[in-house]
Structure formats: structure tokens, C-alpha cells
Amino acid sequence: MTLFGKIKNAAKANRAMRNDWKAFKKLQKRYNASLNNEKDRVKQRYLLLRETHTIEKGMSLRNPRKGFGKGKAMHLIEGVQAYKDRFGFDGFMEYPIRVLRSYINYTEASGVEIPDIKRMFGEIDIALSGSKVEDCVLTLSKEECSGVGKDFEALLNSRHSIRYFKDEPVGKELIDKALRMASRTPSACNRQAWRTHVYSGRRAHALLQWQGGCRGFEDEIGTAILVTADLRAFLYYEQGQAYIDGGLYAMNLINALHSEGLGTIPLSCGFTFEKLAGLKEFGVPEYEVPILIIGTGVMEDMVKVPVSDRRPIESTNIYH
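Note that this is a predicted model, so its numbers are computed, not measured. (Residues numbered from 1 in each chain as written. Predicted model: local features only at pLDDT ≥ 70, side-chain atom pairs only at ≥ 80, totals over all residues. Heavy atoms only, no water.)

Visitor: Could you clarify how one ought to interpret the pattern of salt bridges in this entry?
Guide: Pairing between side chains becomes possible if they bear opposite charge and their charged atoms approach one another. Tallied over the entire structure, the rule returns 15 salt bridges. Across the pair E300 and R62 runs a salt bridge, and its minimum N-O distance is 3.0 Å. Of this pair, E300 sits in the loop between strand 5 (288-297) and strand 6 (302-306) while R62 sits in the loop between helix 2 (41-58) and helix 3 (70-87); the two residues are 238 residues apart in sequence, bridging distant segments of the chain. The exposure class of R62 is partly exposed, given its relative accessible area of 27%. Taking the shortest distance from any N to any O, the salt bridge between D176 and K172 comes out at 2.7 Å. Taken together, the positions of D176 and K172, both in helix 7 (residues 172-182) and four residues apart, correspond to about one turn of that helix. For K172, a relative accessible area of 58% translates into the label exposed. The network of salt bridges with shared partners includes R41, R45 and D90. (Salt bridge = Lys/Arg side-chain N within 4 Å of Asp/Glu carboxyl O. Helix = DSSP H or I, 4+ residues; strand = E, 2+ residues; numbered from the N terminus. Buried < 20%, exposed > 50% of the residue type's maximum accessible area, 1.4 Å probe, protein only.)

In C-alpha cells:
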């Protein structure tokens, strides 16, 4: 290719990337849940789901701090009340209300009184007094949470996010086997741009502290696998493809670890570039974008897991 041709192609790529950045910024300003969310029912639902799970997962720790989550519970109640005032009650509200009811019962059973939260919750709970009364955290055996020897449907249904493990190292052979299975993941034009970084012991704990989503149980996770994708594999019109290929691989790796009887917990790496720059301290080059961290380990004989209700497919699928 001539020098003029190279310059022309570079200008075309830069122009296309700039236009895509502008278009995506416009979509983000219009639809991102952090902005203009008060009057948007869908955004409010997603925000409430996020806050609900924060409380739900706290109850699934090995030894939650007594009286944990008071501020988060109060904030969720206020969010539920605001949703009710603006949009009225609907079926969606059963999940956060059920989790709040379970949290109150759990906290009082531990000997901690929370009268303000109980009073505020009572004002909205009465409207759904006929809703299901169920625990939002289950205690299951290791066998129930293991994917070993199960068909695909049973494997998917048996996987839960595990937040504490035995103090036993995960063998390199087992991780290598899961990595080989996950390498069968489809990728755009078979480029296989995924990368993995495996940390153990103190390095794993440091990575999890950087991530920040498992405060209170970082030390329970002895092995952490950071999944990334190599930006050098993709062209100017494939700016999101690294996350697609990396996400497909990460899910397959989770299922592969689960099929070998290990517990797993996926931890998001959806952060600003300023925070992501901290990954340099963990030996991650700047051309690799983080997809997520998988905490993994040997499960205890009995584990606590959040129910984490799934939405009906009618609310997530459209037949065309």
C-alpha cells in the first residue's frame, strides 16, 4: 500500500471512531441510569434491582457483621416509596419488598433492633401484604451448588455466586482444565483475543480490594482470575467487540470452573478509565481491557447463597 493509501485509511479510521464516540456519548447522556432517572420507570427499576441485591448478598456472607446494611436498607426503602408514589405498585415491587422483609427478620434475629427501618418499611409493605413471604438467602449443600456430572440445564440452575470458601488452594491443573474448556468459546473471526491473569493469596486479596465489590469477604477468596480482552485484535469499526468476545469467554470460564465442582463469583470491572489505570500494578498492559474478575475456590460443605430472583422471559424477550 502506498504512503497516500495508508494516510487515507488512517484518516478514515480516525473519523469513524470519532463519529462512533460522539454517537455513543449521545446515547449515554440520554439512556444512562445515572442521568435523568427520576421520571423513568425502567431506569428506576434497574437502580432498585442494584440496591436490592446489595442487601441480599450481604446476608449470604459467612459471618455478616451484626446490624450490617442499615443505611442501604433505609435508602432502598426510600427508593421503593418514591417508585410507589410516582408509578404506583406493580409486580416488580415484590422482589425488593421481599428482600427488605427478609433483611428485617434476619437483623432482628441477630439481636439488633431497627425500629426506624421497620416503621418505614411497614408503611409500604402493607400494600403488598399478600405477597410471598420467603427467605431471600438459601443454605445449600456443596453437592446442590456443584456442576459436576450435571446436564447443561442442571448445571446452569445449580450455579450460584459463592462468597466464602475453604482455606484450600485451587490446584493449577484444575484451573488449566477450565481454561482449556473455556477456550472453545466462539470469537469474532476466531481471533481469540481473551486473556486471563490468575492471582492467588495476597495478590488475589489486593486485586479484590482494588475492585471494591466484595468488602468484608476479600480474604475469603484465595484465587482470583482477571479476564481481559486484547484491543489489538480489533478494527476501527469493532470498538465494542472486545467486550463481547471477552464476556462470552468469561461466562464459559465460569461454567467450566463450576462444572469441575469449584465455587465462583463474578465481580464487575465496569469502572472509569481513571480507576482502571490501577491495573498496571497487577501486571496488566494498557492494551488489555478488563472484562471481569472471577473469584473461585473450594466450596464448604454447606453454603449460603442469595435467591436472586430472575425476571420472567416475557419481560426480556420479544418475538419478531
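So, next bit.
Visitor: Help me understand the environment of S315, please; the structure alone is not making it clear to me.
Guide: By secondary structure assignment, the location of S315 is in the segment after strand 6. Owing to a relative accessible area of 39%, S315 belongs among the partly exposed residues under this scheme. With 169 residues separating them in the primary sequence, S315 and S146 have C-alpha atoms 29 Å apart. Side-chain polar atoms of S315 contact the backbone oxygen of P312, separated by 2.7 Å. (Polar contact = N/O pair within 3.5 Å; in protein donor to acceptor, adjacent residues only side chain to side chain.)

Visitor: I'm lost on the environment of K22 in this one. Help?
Guide: Checked against the element boundaries, K22 lands in helix 1 (residues 3-31). Sequence-wise, K22 and I77 are 55 residues apart; in three dimensions their C-alpha atoms are separated by 37 Å.

Visitor: Please clarify how the packing of aromatic side chains should be interpreted in this entry.
Guide: We describe a pair of aromatic rings using the distance from one ring centre to the other and the angle between the two ring planes. Enumeration according to the criterion identifies eight aromatic pairs in this entry. Measuring from ring centre to ring centre gives 5.1 Å for Y236 and Y237, while their planes differ by 85°; the resulting arrangement is edge-to-face. Put simply, the rings of F68, Y103 and Y106 pair up and form one aromatic cluster. Over the ring of W210 we find K275; its NZ or CZ atom is 4.9 Å from the centre of that ring. Over the ring of F271 we find K275; its NZ or CZ atom is 5.0 Å from the centre of that ring. (Phe/Tyr/Trp six-rings, centres within 6.5 Å; stacked < 30°, edge-to-face > 60°. Lys NZ or Arg CZ within 6 Å of the ring centre and 35° of its normal.)

Visitor: What exactly am I supposed to notice about the pairing of strand 3 (residues 223-230) here?
Guide: Along any regular strand the residues' side chains alternate between the sheet's two faces. With eight of its eight residues buried, strand 3 lies for the most part within the structure. Residues T223, I225, V227 and A229 line one face of strand 3 and the alternating positions A224, L226, T228 and D230 line the opposite face, and both faces are buried. In this sheet, strand 3 lies alongside strand 2 (residues 194-200) in antiparallel orientation, the contact comprising seven bridges. Its bridge partner lying in strand 3, S200 is registered against T223. Strand direction decides the pairing type here: strand 3 and strand 5, joined by eight bridges, are antiparallel. Each bridged residue has a counterpart across the sheet, and for D230 the counterpart in strand 5 is E288. (Pairing = 2+ DSSP bridges.)

Visitor: I'm lost on helix 9 (residues 241-259) in this one. Help?
Guide: Because each turn of an α-helix spans 3.6 residues, side chains separated by three or four positions end up pointing in the same direction. If you check helix 9, its first and last C-alpha atoms are 27 Å apart, about what 19 residues at 1.5 Å a residue would give, namely 27 Å. Listed in full, the buried residues belonging to helix 9 are A242, D245, G246, Y249, A250, L253, I254, N255, A256, L257, H258 and S259. Contact partners of the buried residues in helix 9: helix 6 (152-158), helix 7, strand 2, strand 3, strand 4 (263-268) and strand 5. Downstream of helix 9 by a residue or two, G261 has a phi angle that is positive, lying close to 90°. (Expected span 1.5 Å × (residues − 1). Contact = heavy atoms within 4.5 Å.)

Visitor: Teacher, can you tell me more about the environment of F92 here?
Guide: Among the structural elements, F92 can be located in the loop between helix 3 and helix 4 (94-109). A C-alpha to C-alpha distance of 40 Å links F92 and V170, two positions 78 residues apart in sequence. Beyond its immediate sequence surroundings of up to four residues, F92 is in contact with R45, L48, L49 and Y83.

Visitor: Sorry if this is basic, but what is going on with the sheet that holds strand 5 here?
Guide: Strand-to-strand pairing in sheets goes through backbone hydrogen bonds, with the strands running parallel or antiparallel. Strand order across the open sheet formed by four strands is 2-3-5-4, with antiparallel pairing between neighbours. Bordering the open sheet on either side are strand 2 and strand 4, each of which pairs with just one other strand. Across this sheet, the average inter-strand angle for adjacent strands is 25°, counted without regard to direction. Of the strands in this sheet, strand 2, strand 3, strand 4 and strand 5 touch helix 8 (residues 201-211), which is tilted by about 115° from strand 2. In this fold helix 9 packs onto strand 2, strand 3, strand 4 and strand 5, with an angle of close to 10° to the strand it touches most, strand 5. (Axes fitted to C-alpha atoms, helices over the stretch in contact; angles between N-to-C directions.)

Any functional reading would require information beyond the geometric quantities listed.
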